[in-house]
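Survey of secondary and tertiary structure
The primary structure of each chain is shown beneath.
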Amino acid sequence: MGTVIRIPVYLFAAQWAMLAALAMFVVIMYRQLGRLLTRSDKAPELGPAVGGQAAALSYISTADRQERQLIPREDGPALVAFADPTCPSCEQLVGVLGELASAGQLDGIRTLILISDPPSYLRISDVFSGSELEIGRPARSDGLDAYQVSATPLLVAIDASGVVRAAGSAVKTAEVRAFAEACWPAAPEAAGLSAGGRQLLRVEGNVT
Amino acid sequence: MTGVALACKVVIAVLFVAAGGAKLADLAGFTATVRLFVPAWTASWAPRAIAAMIAGLEVLVGAASLSSPLAGWLNPAVLVVCCGFVAVSVIGHRRYPGRACRCFGALSGRSFNRAGVARAALLAAGAVLAVWPVSPSMLQLGTLGRLGMVAGAAVITWCAYTAAVAIGAGRAVSSAPEAQQGWVP
């Protein structure tokens, strides 16, 4: 005569549900491990090719809903931040850009924040809604492929001649400052210019 | 019908625990979703606090539902939470279509759309079925059994948290730290 073990119905059902959930997590982790192991060493492209001419880019300003052209441009360098109010890192970037602009470190550089969210989303972020920087939304998506915005935030430094000097992710002050520096490609050091000369170059950049 | 009600009850409870654990792993991302629904005048810390509260509430309700099957008030409470999810899905679909809902944190890339509303409605329908009266004899659970359920809920929360962190880390490797995917104007 064997002993009959009676498992309560509820316990039985709950155990199977939990086992199913755990099995699902094993599958998820296994798939993720597979992705990580088969990932190419080459990092995915983020941002336009550095050294190339920036693609044409027009946007609709969220302030007055007017369409404006950013690229091609001839009135100095530009710093373009692809960011969204719903992205926490983007808020950090916009905050840093605002601080640098207030400190005068972006003088002479046209700084533009491009969002993909509808303009009404700006209200959900104090950083975006309170920013004094120019914010716009791309007027059309066809020219955006060249910018390869595979993730946000993406910062692109474009010099006065429309050449992309730097592109990538940046959220820390030092990183953003480096992008701002990259907007001035004339390399004052290489040209033998002093800090004063560099400042002069910035002024020239504004008028060329 | 009793079997269906029992199945709905345990499946929803496990889903709650898993979803709560995954949300806790990506609290910053879930906070961004919460911010879509919070009035602009609220304090800056409020969305994060609400996000943490929702994730914690899901884990607690799920664990309580699993470990205390005889507590009759829990089934209507789960139904109320599920109805809340339906409301959020509908509002999200109407006001923010295409935005990530982060219902399962980084585990899922689903967004506010019709399918999301249908999933939330299905969950609510399951919660309605779970309210169906079940003979207490089928819900008997000893102290050891209850402790086992709590431990099981904790393990699922931890697994969901770990899986969500792993997937979030994988995304970060492929792009930027804490970056948001899919910039499509």
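Calculation notes
- Residues numbered from 1 in each chain as written.
- Chains lettered and ligands numbered in written order.
- Predicted model: local features only at pLDDT ≥ 70, side-chain atom pairs only at ≥ 80, totals over all residues.
- Helix = DSSP H or I, 4+ residues; strand = E, 2+ residues; numbered from the N terminus.
- Buried ≥ 20, exposed ≤ 12 C-beta atoms within 10 Å, placed from the backbone.
- Contact = placed C-beta atoms within 7 Å.
- Axes fitted to C-alpha atoms, helices over the stretch in contact; angles between N-to-C directions.
- Parallel < 35°, antiparallel > 145°, perpendicular 65-115°, else oblique.
- Left-handed = near helix turned anticlockwise from the far one by under 90°.
- Nonpolar A, V, L, I, M, F, W, Y, C, P; charged D, E, K, R; others polar.
- pLDDT = per-residue confidence, 0-100.
- Core = buried A, V, L, I, M, F, W, Y, C linked by C-beta atoms within 7 Å.
- Domains from an automatic or database assignment.
- Pairing = 2+ DSSP bridges.
- Expected span 1.5 Å × (residues − 1).

Some words on the overall build of chain A
Scanning chain A from N- to C-terminus turns up five helices and eight strands. In chain A, the succession of helices and strands from N to C terminus is α-β-β-β-α-β-α-β-β-β-β-α-α. Among the 208 residues that make up chain A, the fraction classed as buried is 39%. A separation threshold of at least 6 residues defines the contact pool for chain A, and within that pool the share at least 24 residues apart is 69%.

Things to note about the overall build of chain B
Check the secondary structure of chain B and you find six helices and one strand. Counting from the amino terminus, helix and strand elements in chain B follow one another as α-α-α-α-α-α-β. When burial is assessed residue by residue, chain B has 49% of its 185 residues classed as buried. Nonlocal contacts in chain B, meaning residues at least 24 apart in sequence, comprise 74% of its contacts between residues at least 6 apart.

Thoughts on the packing of helix α1 (residues 2–25) of chain B against helix α3 (residues 46–67) of chain B
All names here are of chain B. In the contact formed by α1 and α3, the axes pass within 7 Å of each other and the chain directions differ by 150°. Classified by the angle between their axes, α1 and α3 sit roughly antiparallel to one another. Between α1 and α3 the crossing geometry is left-handed. Two secondary-structure elements touch here, α1 through Lys9, Val10, Ala13, Val14, Phe16, Val17, Ala19, Gly20, Gly21, Lys23 and Leu24 and α3 through Ala55, Gly56, Glu58, Val59, Val61, Gly62, Ala63, Ser65 and Leu66. Classifying every residue of the contact of α1 with α3 by side-chain character gives twelve nonpolar, five polar and three charged.

Describing the confidence of the model for chain B
Any segment with low pLDDT has predicted coordinates that should not be analysed in fine detail. Residue and element names in this part refer to chain B. On average, residues of chain B score 84 in pLDDT, and 91% of them are at 70 or above. This model gives residues 173–182 a pLDDT under 50, and the stretch forms 28 contacts once residues within four places in sequence are excluded. Two summary scores accompany this predicted model of the complex, namely pTM at 0.66 and ipTM at 0.74.

Re the interface of chain A and chain B
Many descriptions give the size of an interface as the accessible area lost when the pieces come together. Taken together, the contacts link 39 residues of chain A with 41 residues of chain B. Of all elements in the fold, only α1 (9–38), α2 (88–102), β5 (134–138) and β6 (151–152) of chain A reach the threshold of two or more residues within the side of chain A that touches chain B. Here the side of chain A that touches chain B takes 15 residues from α1 of chain A, the largest share from any one element. Here the residues of the side of chain A that touches chain B sort into 26 nonpolar, eight polar and five charged.

Notes on the nonpolar core
Judged by nonpolar contacts, the single largest core of 114 residues is most densely connected at Leu79, Val80, Ala81 and Leu93 of chain A together with Val14, Ala22 and Ala160 of chain B. Both domain 1 (8–39) and domain 2 (57–207) of chain A contribute no fewer than three residues apiece to this core. In contact with Val14 of chain B, other than residues within four places in its own chain, are Ala17, Met18 and Ala21 of chain A together with Gly62 and Ile156 of chain B.

Description of the pairing of strand β8 (residues 164–168) of chain A
Residue and element names in this part refer to chain A. With four of five residues buried, β8 is to be regarded as a mostly interior element. Looking at chain direction, strand β7 (residues 154–158) and β8 are connected through four bridges and run antiparallel. Bridge assignment links Ala157 to a residue of β8, and that residue is Ala166. Following β7, the chain reverses through five residues before pairing antiparallel with β8; Gly162 in that reversal takes a positive phi of roughly 85°.

Here we look at helix α4 (residues 74–95) of chain B
Residues three or four positions apart in an α-helix share a direction because the helix packs 3.6 residues into each turn. All names here are of chain B. In this model α4 runs 31 Å from its N-terminal to its C-terminal C-alpha over 22 residues, within 8% of the 32 Å that 1.5 Å per residue would give. Listed in full, the buried residues belonging to α4 are Leu74, Asn75, Val78, Leu79, Val81, Cys82, Phe85, Val86, Val88, Ser89, Gly92 and His93. In this structure, the buried side of α4 is in contact with α1, α2 (27–37), α3 and α5 (114–130).

Describing the packing of α3 of chain B against α4 of chain B
Residues and elements named next belong to chain B. Packing of α3 against α4 leaves a shortest axis separation of 10 Å and a crossing angle of 150°. In terms of crossing hand, the pair formed by α3 and α4 is left-handed. Residues Val61, Ala64 and Ser65 of α3 pack against Leu74, Ala77, Val78 and Val81 of α4.

Here we look at the pairing of β5 of chain A
Both faces of the sheet carry side chains from a regular strand, because those side chains alternate between them. Summarising the sheet, strand β1 (residues 57–61) of chain A and β5 of chain A pair through three bridges and their orientation is antiparallel. Counterpart to Tyr59 of chain A in the pairing with β5 of chain A is Pro138 of chain A.

Considering unusual backbone geometry
The phi dihedral of Gln148 of chain A is positive, around 45°, even though this residue is not glycine. By secondary structure assignment, the location of Gln148 of chain A is in the loop between β5 and β6.

Describing the environment of Leu107 of chain B
Mapped onto the elements, Leu107 of chain B comes out in the loop between α4 and α5. Judged by the 26 C-beta atoms lying within 10 Å of it, Leu107 of chain B falls in the buried class. Between the alpha carbons of Leu107 of chain B and Ile167 of chain B there is a distance of 6.7 Å; along the sequence they are 60 residues apart. Leave out the neighbours within four places in its chain, and Leu107 of chain B touches Ile28 of chain A together with Ala22, Ala160, Ala163, Ala164 and Ile167 of chain B.

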